[in-house]
Structure formats: C-alpha cells, structure tokens
Amino acid sequence: MRTPSSPAGAERSGGSSVRIGALVPLTRPGWGEAGRHLLAGLELAVREVNDAGGIGGRPLELVVRDTAADPQRAVAAVDELAGLGVAALAGEYHSVVARAAAGRADALGLPFLCSSAVLDPLTEQPTEWVARLAPAQSRGWQIYADFLLREGHSRVAVAAQSSVYWASGVRILRDHLVPRGGTVIELDMGVLTPATVCDELVGDGATALLLLVGHPEPAVSIVESVRRHPRLAGIMIGAPAGQPEFAEWVRSLGDDGAAIPFLRYLPEHLSPLGARVEAALRERLAEAPSFVAFEGYDSIAVLAEVLRSHGTDRARIAASWARVAVEGTRGQIRFSRPAGISVWQWAWAPVQVVDRDPAEPDRFRILHAG
C-alpha cells in the first residue's frame with residue numbers, strides 16, 4: 001500500500017525538492033498511535049525547515065510510507081523510496097521493522113536515521129549508513145533494571161511474547177539483575193493466558209510483573225486480570241517498552257493503567273526549543289505529544305542540518321554522522337560508536353522511568369532518571 005506524502009510537500013515529478021523517505025507504522029498490526037505521533041514530529045519539522053527557506057532554497061519533501069509493523073513491507077518501501085531518489089530515510093518505531101529497513105538501507109547505500117527503534121543490533125554488521133536517535137535498548141532497560149532494584153524488586157516476573165525484541169529485553173534484564181542478587185522469572189505468553197499468568201504469579205512470589213507483550217492485547221487483558229486478582233494487590237506492574245505513554249492506554253484501561261512504570265526519552269525540563277515544539281505538536285495532535293513525536297522532529301532537524309552542510313549526495317550524508325552537532329528538542333545531538341552498537345548512535349539521549357499518576361492519569365510522574 002502506498003501512503004500519500006505528508007502535507008509538508010506533495011510528490012513532484014519536477015525534481016525541484018529534496019526528498020526524505022519516512023517509514024511510519026500507521027495501520028494494524030502496527031502501533032498506529034505511535035506512528036501518528038512520529039509522523040506529526042516529522043511533518044512539523046519539515047514545515048519549519050521550508051518556512052525558513054528549505055535546503056539551499058529547495059523545499060524539503062517528506063515521502064511517507066506505512067510499514068504496518070511488517071518487516072517485508074518496510075524492505076519494499078526502502079526499495080521504492082530509493083528508486084524515487086530520496087536523499088535519506090527517517091523514522092520507524094518498531095524495532096524488528098527498523099532492523100529490516102536498516103539492513104536494506106545498508107545494502108543499497110541509502111542513509112537511514114532511525115528515529116525511535118531501540119534494538120541494539122540494528123544491523124547484523126557495523127555500518128556507516130545508519131544512525132539512530134533513540135537510546136539503545138541495553139542502556140534504557142539497564143536503567144529500568146536499576147529502578148527495579150532501587151524500589152526493592154529483586155524477584156521479577158516477565159510476561160513475554162516471542163520476538164527478537166522481547167527476547168533481547170529479557171536477556172538485558174537478566175544480565176543486569178542476576179549479578180546483583182535478582183531473579184528473573186519468564187512467563188511464556190505463547191502458552192499462558194492472562195488468567196493463568198495470575199496463577200503463576202501467586203506461586204512464584206514475584207513482587208513485580210513486567211509486560212513484554214503487544215498492545216492493546218494481550219497487555220490490556222493482563223493488566224485487568226492482575227489488578228482484579230485478590231492475592232496480587234501488592235504486585236507492581238511495569239512496562240519498560242513504553243506502552244502506557246500513549247493516550248490509547250488510558251482509554252483502554254482507565255484508572256487501571258496508572259502506576260505502571262515505563263521508559264520514555266525526555267529530559268526533566270524542556271529547553272526553550274523543546275517547549276516551543278511541544279506547544280506546536282500539542283496543537284497538531286490535539287493531545288499531549290509523546291516522546292516519539294519529539295524523536296520525529298529531531299530526526300528532521302538533524303537531516304536538514306546535514307543536507308545544508310554536506311549536500312544531498314548519499315555517500316556524503318552517511319560520512320557526516322561523526323560531525324553532526326545539532327541542538328534538538330531534548331538536548332545536543334551528536335553521534336558516536338559505542339561498544340556493541342552496530343550503527344552511529346546518539347549516546348546521551350535522556351532516559352526516564354515514569355508512570356501515570358493514579359490521582360490524575362493524564363499526568364506523568366518521574367520516578368527515576370539515567
């Protein structure tokens with residue numbers, strides 16, 4: 001399925017614009033709300049770039065393709081966008097999809113700035129073509145593990161579905177918790193139901209249950225079952241992957257969706273730029289913007305600066321990652337090559353553990369930062 005370009009610029013045949021391909025999940029089974037926020041940030045930044053004169057007087061154009069959380073569809077989109085002459089790619093939220101897109105972009109020699117996916121091995125081999133704004137999963141989830149230990153949760157159950165991303169999360173948690181006296185109990189959601197998860201928790205003695213599962217299901221049903229179980233009133237439910245970030249979570253769960261700590265990638269206080277962008281995104285989305293919307297905006301801010309400084313040649317764009325220094329909405333963006341990460345990485349993106357306030361579910365409480 002072809003998705004129309006954003007309102008920031010319709011596809012043109014004249015070749016006067018500088019094109020950036022945008023990969024976003026807009027339809028099921030993709031997380032459409034995350035995709036909508038990501039696209040809002042991308043579009044806002046493109047509009048601001050064009051209002052300021054574009055790229056050397058040429059308009060910046062966003063060519064949007066819906067990945068629908070499908071790796072094969074993402075690969076096909078990368079091929080199509082490469083053929084359309086985009087200078088670079090940006091976007092994607094789902095880690096497994098981003099990995100497929102990154103591998104194809106690497107093979108084609110097409111620069112890809114991954115906005116929001118966190119899986120550490122984004123490509124099988126180190127590449128110069130791919131950079132990433134979101135913190136690597138190992139960094140964010142280790143910070144989450146530190147939070148669990150600080151709160152006294154050393155016996156942790158994880159309700160996990162089968163995927164590379166969830167398996168990576170379990171491994172990171174186990175590697176970080178076990179040497180510090182913790183225990184990780186894995187509950188296989190391929191065989192368990194939300195009700196039988198509760199039975200397992202009663203017998204396991206875990207004080208925390210982490211949701212390493214898709215949204216809305218089975219995440220919503222698990223939360224509802226645990227919240228209503230008389231012997232699990234004291235257990236903490238957590239969602240390191242960030243499911244409670246979006247308003248859909250509250251619409252699905254109401255008060256049951258509060259007090260579930262999750263990871264998000266925002267600073268404690270926004271800079272003047274961040275505050276201005278937050279207000280514009282709020283108007284565009286008609287709701288509070290998630291950190292994913294800021295990641296979209298920052299992606300275009302980085303690519304616009306690269307295009308102004310180094311031109312539209314793909315090889316020159318890829319060679320410029322090491323020299324990027326851009327003021328983003330969440331801090332100064334620079335890329336490096338941390339050990340174990342196969343792409344150029346913004347190493348110091350802010351990381352918070354937050355939850356929704358039970359007294360006011362639309363308000364977030366910062367519980368821990370790293």
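Here, every reference points to the structure presented above.
Below, the structure is looked at part by part. Fair warning: this is a prediction, and the values are worked out from it, not measured in the lab. Every residue gets a number counted from 1 within its own chain, in the order that chain's sequence is written. Given that the model is predicted, a residue must reach a pLDDT of at least 70 before its local features are reported, and side-chain atom pairs must reach 80 or more before they are shown or counted; all residues, however, enter totals for whole chains, interfaces and linings. The side-chain quantities take in all heavy atoms of the structure and omit both hydrogens and water.

This part is about the packing of aromatic side chains. Each aromatic ring pair is summarised here by two numbers: the centre-to-centre distance and the angle between the ring planes. What counts as a ring pair is set by centres within 6.5 Å for rings of Phe, Tyr and Trp (its six-membered ring), and what kind of pair is set by the plane angle: stacked under 30 degrees, edge-to-face over 60, tilted for all other angles. Tallying each qualifying case throughout the model produces 9 aromatic pairs. A centroid spacing of 5.9 Å and a plane angle of 75° characterise the contact between Phe 262 and Phe 364, whose relative ring orientation is edge-to-face. Residue Phe 262 is found in strand E10 (residues 262-264), and its partner Phe 364 is found in strand E16 (residues 360-369); the two are separated by 102 residues along the sequence. An aromatic cluster is defined as three or more aromatic residues linked by ring pairs; in this entry it consists of Trp 31, Tyr 93 and Phe 246. It is Arg 337 that lies over the ring of Trp 344; its NZ or CZ is 5.1 Å from the centre. Under the DSSP-based scheme used, a helix requires at least four consecutive residues in state H or I and a strand at least two consecutive residues in state E, with every element numbered from the N terminus. Our definition puts a charge over a ring when NZ of Lys or CZ of Arg is within 6 Å of the ring centre and also within 35 degrees of the ring normal.

With that settled, consider the nonpolar core. The biggest cluster of nonpolar side chains holds 80 residues, and the ones touching the most others in it are Val 302, Trp 321 and Phe 335. A contact between two residues is defined here by any heavy atoms of the two lying within 4.5 Å. Each residue touching Phe 335, except ones within four places of it in the same chain, is listed here: Leu 113, Ala 131, Arg 132, Leu 133, Val 302, Trp 321, Val 324, Trp 344, Gln 345 and Trp 346. Residues belong to one nonpolar core when they are buried, are Ala, Val, Leu, Ile, Met, Phe, Trp, Tyr or Cys, and are joined through side-chain atoms within 4.5 Å. Using a 1.4 Å probe on the protein chains alone, a residue whose accessible area is under 20% of its type maximum counts as buried, one over 50% counts as exposed, and one in between counts as partly exposed. Counting 27 residues, the second-largest nonpolar core is a separate cluster that includes Ile 235, Ile 237, Ala 239 and Leu 253.

Our focus in this paragraph is the sheet that holds strand E5 (residues 130-132). For sheets, the rule is that strands pair by backbone hydrogen bonds, running either parallel or antiparallel. Reading across the sheet, the 7 strands line up as E2-E1-E3-E4-E5-E14-E13 and stay open at both edges, with mixed pairing between neighbours. The two strands at the open ends of the sheet, each matched to only one other strand, are strand E2 (60-66) and strand E13 (335-336). Relative to strand E3 (residues 88-91), strand E1 (residues 18-24) runs parallel, the two sharing 4 bridges. Bridge pairing in E3 links Ile 20 to Ala 88. Between N-to-C directions, angles cover 0 to 180 degrees, with each direction set by a line fitted to C-alpha atoms, over the stretch in contact for helices. The strands touched by helix H3 (residues 95-108) within the sheet are E1, E3, strand E4 (112-114) and E5, with E4 carrying the most contacts at an inclination of about 160°. A pair of strands is treated as paired once DSSP finds two or more bridges between them.

We now examine the side chain of Asp 357. Topologically, Asp 357 is positioned in strand E15 (residues 352-357). According to the relative accessible area criterion, Asp 357 is buried, its value standing at 10%. Within the local environment of Asp 357, its side chain forms a polar contact with the side chain of Arg 363, the two groups lying 2.4 Å apart. Here Asp 357 is in contact with Ala 258, Arg 363 and Arg 365, once residues within four sequence places are set aside. What qualifies as a polar contact is a pair of N or O atoms within 3.5 Å, subject to a donor-acceptor requirement within protein and to the restriction that residues adjacent in sequence count only when both atoms come from side chains.

Turning to the sheet that holds strand E9 (residues 236-238), a few remarks are in order. The strand order across the open sheet built from 4 strands is E7-E6-E8-E9, with neighbouring strands paired in parallel fashion. Looking at strand neighbours, the two that pair on one side only are strand E7 (183-188) and E9, the edges of this open sheet. Along the sheet, successive strands turn relative to each other by an average axial angle of 25°, direction set aside. With 6 bridges joining them, strand E6 (residues 155-160) and E7 adopt parallel strand pairing. Within the sheet, the bridge partner assigned to Ala 157 lies in E7 and is Ile 185. Packing of helix H6 (residues 194-204) onto the sheet brings it into contact with E6, E7 and strand E8 (208-212), and relative to E7 it is tilted by some 155°. Against the sheet, helix H7 (residues 219-228) contacts E6, E8 and E9, and its axis sits at roughly 165° relative to E8.

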